[in-house]
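# Remarks on the overall topology
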Amino acid sequence: MSGGGGGGGGGGGSAPSRFADYFVICGLDTETGLEPDELSGENFEQTPLRRTFKSKVLARYPENVDWNPFDQDAVGMLCMPKGLAFKTQADPREPQFHAFIITREDGSRTFGFSLTFYEEVTSKQICSAMQTLYHMHNAEYDVLYAPLADGRDHSDMEDGEGTPGTKLQRFNSYDISRDTLYVSKCICLITPMSFMKACRSVLEQLHQAVTSPQPPPLPLESYIYNVLYEVPLPPPGRSLKFSGVYGPIVCQRPSTNELPLFDFPVKEVFELLGVENVFQLFTCALLEFQILLYSQHYQRLMTVAETITALMFPFQWQHVYVPILPASLLHFLDAPVPYLMGLHSNGLDDRSKLELPQEVRKTWSLGAGACGPDTGFGREGLWDEPRVVSPKKAIELRLAKIDHTAVHPHLLDMKIGQGKYEPGFFPKLQSDVLSTGPASNKWTKRNAPAQWRRKDRQKQHTEHLRLDNDQREKYIQEARNMGSTIRQPKLSNLSPSVIAQTNWKFVEGLLKECRNKTKRMLVEKMGREAVELGHGEVNITGVEENTLIASLCDLLERIWSHGLQVKQGSQLFGYTDLFGLNQLFVLGIFLDSERRKSDASSVMPPLRISLIQDMRHIQNIGEIKTDVGKARAWVRLSMEKKLLSRHLKQLLSDHELTKKLYKRYAFLRCDDEKEQFLYHLLSFNAVDYFCFTNVFTTILIPYHILIVPSKKLGGSMFTANPWICISGELGETQILQIPRNVLEMTFEYQNLGKLTTVQIGHDNSGLYAKWLVEYVMVRNEITGHTYKFPCGRWLGKGMDDGSLERVLVGDLLTSQPEVDERPCRTPPLQQSPSVIRRLVTISPNSKPKLNTGQIQESIGEAVNGIVKHFHKPEKERGSLTLLLCGECGLVSALEQAFQHGFKSPRLFKNVFIWDFLEKAQTYYETLEQNELVPEENWHTRARNFCRFVTAINNNPRNIGKDGKFQMLVCLGARDHLLHHWIALLADCPITAHMYEDVALIKDHTLVNSLIRVLQTLQEFNITLETSLVKGIDI
């Protein structure tokens, strides 16, 4: 919390005597964009230029000092208490200075001095966002201020009903094509003492240096470094002179027998308030009233508050002291204690509209009590000596004879080219030279040996797998040996005591084997996942996983056969198949099936958790002939659904039936061992198995489809005939016609495996053949796996990019963990992946724009994902389609690259990347006809590019412009032509006309880097799904 007091000394005893501790820069973070400050209580009826947006601490130097830890939240709020402010070239943009105070829990104080100025907004994304806010505001205005039903005009409304005329004029105060947008930014010094005038001079000279047409004598880093590390804190009773950018700066510090340091103009307070009001305010402070100061200027708030508390010397204000109250902390006004606070006014609202607690309105006439004398709560004993000398004479003497002159700013050890800046913009400073002072060795941390990083990775790998390679191999071999030695004992010719002892050892052996098998399977499965994260080496194949699962089924069979009441002698094993159908139905008939509890947001009705239903699914599979085969299929299905432990627990819940079927020494009647056994099986829920889907590839699977259109624009009036086609790793359906106005249907088809894409479209018939689809969900009704295919695009001529069909790429929804008895939830309730939504009012080009560094990173990650895909064993590879066309795939990354710096000719017309590619094709075809192609390589590249674009345009499918771009990228990746086409387009004259100068594709360095990254795909044989290139024969 901000706190008060005028004087204050330096930091703690161990703090060095520095003039300043931190230099801070606050302002707009272009990466996060415009973030409304919800805590500030802004009224969204205000025009966007008057709204409050969050500011961020963009940089601070140094990062931290031990004697004064940096409080980022406090500094961020107090540097810019009202958040970011936006203005245009028509508004006044004079720099504003203000001071503030931060009081820590121990009572120590830190002083801040901030200079706020305005910089032109160069981010097209921010300008477009502000323009969009104005469009939305104007639209709301048109609705709210439409002509009244009684025929009155809004000009006839009484005062207080609104003044639409003035508001409408403010609505049109920003036009992206006409106006220049400016945003506030501030530079700040954090100091141990309140040298207000000196700090103001430092900041104003720094600002003057970046606004002046002539560069300063030295880089700005030299002056900031000098203030932070080379200018000392003057001792009591001494004066100091140091150099600013354009002139010397002088400050002085009172001695211990003088009045405390006070650097604010008292004369200004009397000019602002008048003598009578100053005495009334001073009286209220002595009587400990609740005092609220109200002004348009932050510095005036600080000046008045500091003056009133300084006039109380030798007494001190003991209560809440917040000279500048940030807009997000207005709830502090409700504090039931005396306080002195300052509140900013925007200059337009009537002060009577300010909602204040009842006590505040009475503080000018009510209150009691008196301030007590100071108890030495200040620092360095400045107030311990009440003996006072003439302050004017002492100050004049110190300023006439400077006691100390600090080191002059000098050139730092900076690289060639650093220190340059663009006039009018405060530059990004070089943190490597400002983060550490001269006393520390700034190279020590840079030379951290690489082997420490390798050791960290090895440690993480070991912690992830919990076992090193030797331990893993040892216990795996032990498990194999255990499986070969434990067998059903012969119980004939043994006494009852020997039988009991033998069976007990056998029960312990079965439990130990179960523990070893589950542990081995988990380690192998998690080891594979660890490889995907870059840890270790893989040593298991899909065949071995099937073998492990078969071994687990064998163990379950032996557990269920142990101690069974055998009536048929040697036919024990035939009767005790793990889940022989007779036994299974006898046990299962007593169980109630239940439906999963669904999330409130779940759209698709949840599947039932039903042991009987799963059994019936298995029974209906004609390919499985024997009971043992059906039992193993049921185990695989239960493992894939993460219900194995739960189903087996349900089977064993009828204790009377268990007693009837099993002898006393049976494994299933040993309660402790049975609970441990189920607990070990529960651990399988930590990993994902597809052991049913990948094995039974020819069976018929019922699939449930749910199409979710936009609720607002979705299409209750939709008149066309929709269709859908679903593709998976094992196959693809035919085109399935969807009945009109039916959004949910179920069909049977041969196992498609893991689903990858959905093709959805319509025949464009009827009067309203426009359909806005949010997403499509498809669920496997046997395994419960639910896939979500995001869309968020229109299907219809003249809408969006004109597509009548789209190829949607989806992924399996991730599961939600439950507690207690609910850890085994089926996929229908799994959480949806994030979706890049493109609604009708927002063009595809208005997705959040990334900077060049982020675009390079996304392309690198997409290509790296494809490289990792091909370096895995074939049976462990995921969906290549997701890596190409998914949310973070190669197509999306290249789309961002081509959209960077893309010009739009008109505000409300969408220009797509495909428009640019078609113009480039026309240009190169014209060159080829005129035989003006510069060289053979360019001729081949241009001809291939034109051939692919022509083939895609001639495709009978109506996939839209974005769909055509996706198809081109996929074909280019398949034929290893992407890097050639990037080079071709970068040198195309069409690029110069359709892209801005800052565009990535016009930066040769970035283009060359992009080409090198894409060249890494040349060594891989990329095979595309049929759905991605349907209708193309190249």
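Residues numbered from 1 in each chain as written. Predicted model: local features only at pLDDT ≥ 70, side-chain atom pairs only at ≥ 80, totals over all residues. Heavy atoms only, no water.

In the annotation of an unreviewed UniProt entry, the chain is listed under the name DENN domain containing 5A and assigned to Monodon monoceros. Note on the chain: under the UniProt heading Subcellular location (unreviewed entry), the record states "Membrane". As recorded by UniProt, the Sequence similarities (unreviewed entry) comment attached to the chain reads in full: "Belongs to the RAB6IP1 family." (UniProt positions renumbered as here; feature names shortened; annotations may be inferred.)

What follows covers the overall build of the chain. On a plain count of helices and strands, the chain comes out with 30 helices and 24 strands. For the chain, buried positions account for 50% of its 1034 residues. The contacts of the chain with a sequence gap of at least 6 include a subset with a gap of at least 24, amounting to 75%. Accessible surface computed for the chain: about 50,900 Å², of which carbon and sulfur atoms make up 52%. (Helix = DSSP H or I, 4+ residues; strand = E, 2+ residues; numbered from the N terminus. Buried < 20%, exposed > 50% of the residue type's maximum accessible area, 1.4 Å probe, protein only. Contact = heavy atoms within 4.5 Å. Areas by Shrake-Rupley, 256 points an atom, 1.4 Å probe, with all protein chains shown as cover.)

This next bit is on the pairing of strand E23 (residues 805-809). In terms of burial, E23 is a largely internal element, 5 of the 5 residues being buried. Side chains Glu805, Val807 and Val809 of E23 all project onto a buried face; the interleaved residues Arg806 and Leu808 project onto the opposite face, where all are buried too. Here strand E20 (residues 755-762) runs beside E23; their pairing, made up of 5 bridges, is antiparallel. Each bridged residue has a counterpart across the sheet, and for Gly761 the counterpart in E23 is Glu805. (Pairing = 2+ DSSP bridges.)

This paragraph deals with the nonpolar core. Ranked by size, the top nonpolar core spans 97 residues in total, and within it Phe19, Phe23 and Phe86 carry the most contacts. Top contributing element to this core by residue count: helix H4 (residues 196-211), with 8 residues. Discounting chain neighbours no more than four positions away, the residues touching Phe23 are Ala59, Arg60, Tyr61, Ile187, Cys188, Leu189, Leu203, Leu206, Ile224, Leu228, Phe426 and Leu429. Counting residues in hydrophobic clusters, the runner-up holds 75 residues, among them Ile559, Ile612, Ile699 and Phe747. (Core = buried A, V, L, I, M, F, W, Y, C linked by side-chain atoms within 4.5 Å.)

Each aromatic ring pair is described using two quantities: the centre-to-centre distance and the angle formed by the ring planes. Counted under the stated rule, the structure contains 22 aromatic pairs. Ring centres of Phe870 and Phe1020 lie 5.1 Å apart, and the angle between their planes is 10°; this geometry places the pair in the stacked category. Of this pair, Phe870 sits in helix H22 (residues 852-871) while Phe1020 sits in the segment after helix H30 (1004-1015); the two residues are 150 residues apart in sequence, bridging distant segments of the chain. The pair formed by Phe870 and Phe1020 is uniform in burial state, with each residue classed as buried. Ring centres 5.2 Å apart and planes at 85° place the aromatic pair Phe916 and Tyr995 in the edge-to-face group. Of the two residues, Phe916 is situated in helix H25 (residues 913-929) and Tyr995 in the loop between helix H29 (989-994) and H30; the sequence distance between them amounts to 79 residues. Using a relative accessible area of 0% as the deciding quantity, one classes Phe916 as buried. Judged by relative accessible area, which is 0%, Tyr995 ranks as buried. Site record: aromatic cluster; members linked through ring pairs are Phe898, Phe902, Phe916, Phe965 and Tyr995. Its end group placed over the ring of Phe690, Lys754 keeps NZ or CZ at 4.1 Å from the ring centre. (Phe/Tyr/Trp six-rings, centres within 6.5 Å; stacked < 30°, edge-to-face > 60°. Lys NZ or Arg CZ within 6 Å of the ring centre and 35° of its normal.)

Next up on the list: the sheet that holds strand E8 (residues 248-252). Reading across the sheet, the 3 strands line up as E8-E7-E12 and stay open at both edges, with mixed pairing between neighbours. Both outer strands of the open sheet, E8 and strand E12 (404-405), are each paired with one neighbouring strand and no more. As defined by bridge partners, strand E7 (residues 239-243) adjoins E8 across 5 bridges and the pair is classed as antiparallel. Among the inter-strand pairings, Phe242 is bridged to a residue of E8, identified as Ile249. Contacting E7 and E8, H4 runs over the sheet at an angle of about 160° to E8. (Axes fitted to C-alpha atoms, helices over the stretch in contact; angles between N-to-C directions.)

This part takes up the pairing of strand E21 (residues 771-780). With 10 of its 10 residues buried, E21 lies for the most part within the structure. Across 7 bridges, strand E15 (residues 700-709) lies against E21 in antiparallel orientation. Note on E21: the bridge partner recorded for Val708 is Tyr775. With 8 bridges joining them, E21 and strand E22 (residues 786-795) adopt antiparallel strand pairing. Looking across to E22, one finds that Leu772 is bridged to Trp794. Two successive antiparallel strands, E21 and E22, enclose a turn made up of 5 residues, where Gly784 displays a positive phi of approximately 80°.

Omega for the bond connecting Tyr61 with Pro62 falls within 30 degrees of zero, at -5°, which places this linkage in the cis form. Mapped onto the fold, Pro62 is located in the loop between strand E2 (56-61) and helix H1 (72-79). With a phi close to 60°, Glu288 is a non-glycine residue in the positive phi region. Mapped onto the fold, Glu288 is located in the loop between helix H6 (266-286) and strand E9 (291-295). Phi at Asp800 takes a positive value of approximately 55°, unusual for a residue other than glycine. Inspection of the secondary structure assignment puts Asp800 in the loop between E22 and E23.

All right, on to the sheet that holds strand E19 (residues 744-750) then. Two strands in a sheet stick together by hydrogen bonds in their backbones, pointing the same way (parallel) or opposite ways (antiparallel). Read across the open sheet, the 5 strands follow the order E19-E15-E21-E22-E24; overall the sheet is antiparallel. Two strands lie at the open edges of the sheet, namely E19 and strand E24 (811-812), each paired on one side alone.

Two measures define how a pair of helices packs: the angle their axes make with one another and the distance between the axes. Where helix H19 (residues 644-651) contacts helix H21 (residues 671-682), the axes come no closer than 8 Å and their chain directions differ by 155°. In terms of axis orientation, H19 runs roughly antiparallel to H21. Counted together, Leu644, Ser645, Leu648 and Lys649 of H19 and Phe677, Leu678, Leu681 and Leu682 of H21 form the full contact between these two elements. Classifying every residue of the contact of H19 with H21 by side-chain character gives 6 nonpolar, 1 polar and 1 charged. (Parallel < 35°, antiparallel > 145°, perpendicular 65-115°, else oblique. Nonpolar A, V, L, I, M, F, W, Y, C, P; charged D, E, K, R; others polar.)

Before going further, it helps to examine the packing of H4 against helix H5 (residues 220-230). Two numbers describe how H4 lies on H5: the axes approach to 11 Å, and their chain directions differ by 170°. Considering the angle they form, H4 stands roughly antiparallel to H5. Side by side, H4 and H5 meet where Val202, Leu206, Ala209 and Val210 of the first sit next to Leu220, Tyr223, Ile224 and Val227 of the second. Residues of the contact of H4 with H5, tallied by class, amount to 8 nonpolar, no polar and no charged.

Once that is clear, we can look at helix H28 (residues 978-986). Within H28, 8 of the 9 residues are buried, which leaves the element mostly enclosed by the surrounding structure. The complete set of buried residues in H28 reads Leu978, His979, Trp981, Ile982, Ala983, Leu984, Leu985 and Ala986.

Another aspect to go through is the state of the cysteines. Scanning the entire structure with this criterion turns up 0 disulfides. This cysteine, Cys79, is not joined by any disulfide, and Cys188 carries the nearest cysteine sulfur, 3.5 Å off. Left without a disulfide partner, Cys946 is nearest to the cysteine sulfur of Cys988, which lies 9.5 Å away. Owing to a relative accessible area of 6%, Cys946 belongs among the buried residues under this scheme. (Disulfide = S-S within 2.5 Å.)

Following the criterion strictly, the structure yields 20 salt bridges and no others. A salt bridge links Asp179 to Arg178; the shortest N-O distance between them is 3.4 Å. Residue Asp179 is classed as buried on the basis of its relative accessible area, which comes to 11%. Residue Arg178 is classed as exposed on the basis of its relative accessible area, which comes to 52%. Two residues, Asp801 and Arg793, come together in a salt bridge whose shortest N-O distance is 3.7 Å. Each member of the pair, Asp801 as well as Arg793, is classed as buried. Through salt bridges with shared partners, a single network forms among Arg793, Asp800, Asp801, Arg806 and Asp962. (Salt bridge = Lys/Arg side-chain N within 4 Å of Asp/Glu carboxyl O.)

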